[in-house]
Amino acid sequence: MSTLLPDTRLFLYLYVRKEAVLSSQIEGTQSSLSDLLLFESDELPGVPLDDVTEVSNYVAALGRVGRLLVTLLLCAEGVLSEPLLYVSLYLKQHRDEYYALLDSVRRDGDWEAWLSFFAEGVRESAAAAVLTAQRLASQAREDADRISGIKRLAGSALRIHKVLQQRPLVSAAQLSAHSGVSLPAVNSALAALGDLGVVREITGKRRGRRFSYVNYLRILSEDTEPIRQDR
């Protein structure tokens, strides 16, 4: 599936952040994916900073673990044949069974039931990752086709669109820095992208505005709303 993506780094960059949000939510944090992206853009999130800081630490930890696993696999096999799988959404969706099985391992040493549960989580997570990759690639292609029809601004708008795939919650200044497009041209392109419904300004401010890549972020954010009840 990774061969069908225009840039696997874009997918993994955001998927790691989604995994960090979900993994932290299992432990009781209230951060959403949008909160994390705002925090990484030096904007105040809508939840306590301690929660978002913990999620940000998860991102850093996942990066270190990923690099270690890649090194180990390269040393052992000479090639890396599969992206890492992330199972926190499965654990969140089945959290009652997850906790019950952990207790069963602790009390009775029932590792077989736990391993069976976890193996099913890997299978479901792999299928979900493939579907998400397909939907993101399809959304990006659809939007790129629409953007190509913008008169005069298509070139700069497409460069901005590429940045939005990696940073779907971003300021105009950040888009300019990462795309190499001048700030006035970025603002013109954002107005055109807003008319197309590709982006939406989310702050309502005149200064320090943030723009969301609406449908792309919606796909990534599915099932990442915080768990509200206490355990």
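Rules behind the numbers
Residues numbered from 1 in each chain as written. Predicted model: local features only at pLDDT ≥ 70, side-chain atom pairs only at ≥ 80, totals over all residues. Heavy atoms only, no water. Helix = DSSP H or I, 4+ residues; strand = E, 2+ residues; numbered from the N terminus. Contact = heavy atoms within 4.5 Å. Salt bridge = Lys/Arg side-chain N within 4 Å of Asp/Glu carboxyl O. Pairing = 2+ DSSP bridges. Axes fitted to C-alpha atoms, helices over the stretch in contact; angles between N-to-C directions. Phe/Tyr/Trp six-rings, centres within 6.5 Å; stacked < 30°, edge-to-face > 60°.

1. Points about the side chain of S125
- Inspection of the secondary structure puts S125 in helix 6 (residues 111-147).
- Non-local contacts of S125, meaning those with residues more than four positions away in its chain, are made with Y86, V87 and Y90.

2. Concerning the pattern of salt bridges
- The full count for this structure, using the stated rule, is six salt bridges.
- Its salt-bridge partner being R135, residue E222 comes within 2.8 Å of it at the nearest N-O pair. Placement of the pair is E222 in the segment after helix 10 (214-221) and R135 in helix 6, with a sequence separation of 87 residues.
- Each of R135, R218 and E222 takes part in salt bridges that share partners, so that together they form one network.

3. As for the sheet that holds strand 3 (residues 210-213)
- Overall, antiparallel pairing links the three strands, which are arranged 1-3-2 in an open sheet. Of all strands in the sheet, those with a lone pairing partner are strand 1 (169-171) and strand 2 (199-201), marking the two edges. Taken pair by pair, the neighbouring strands of this sheet meet at an average axis angle of 30 degrees, ignoring direction.
- Examined bridge by bridge, strand 2 and strand 3 share three bridges and lie antiparallel to one another. Residue pairing in the sheet places R200 in a bridge with S212 of strand 3.

4. Quick look at the packing of aromatic side chains
- The full count for this structure, using the stated rule, is six aromatic pairs.
- Seen from their ring centres, Y98 and Y99 are 5.2 Å apart, and the 50 degrees between their planes marks the pair as tilted.
- Judged by centre distance (5.7 Å) and plane angle (40 degrees), the ring pair of W114 and F117 falls under tilted. With W114 and F117 both in helix 6 and three residues apart, this pair spans about one turn of that helix.

By themselves, these figures tell us nothing about what the structure is for.
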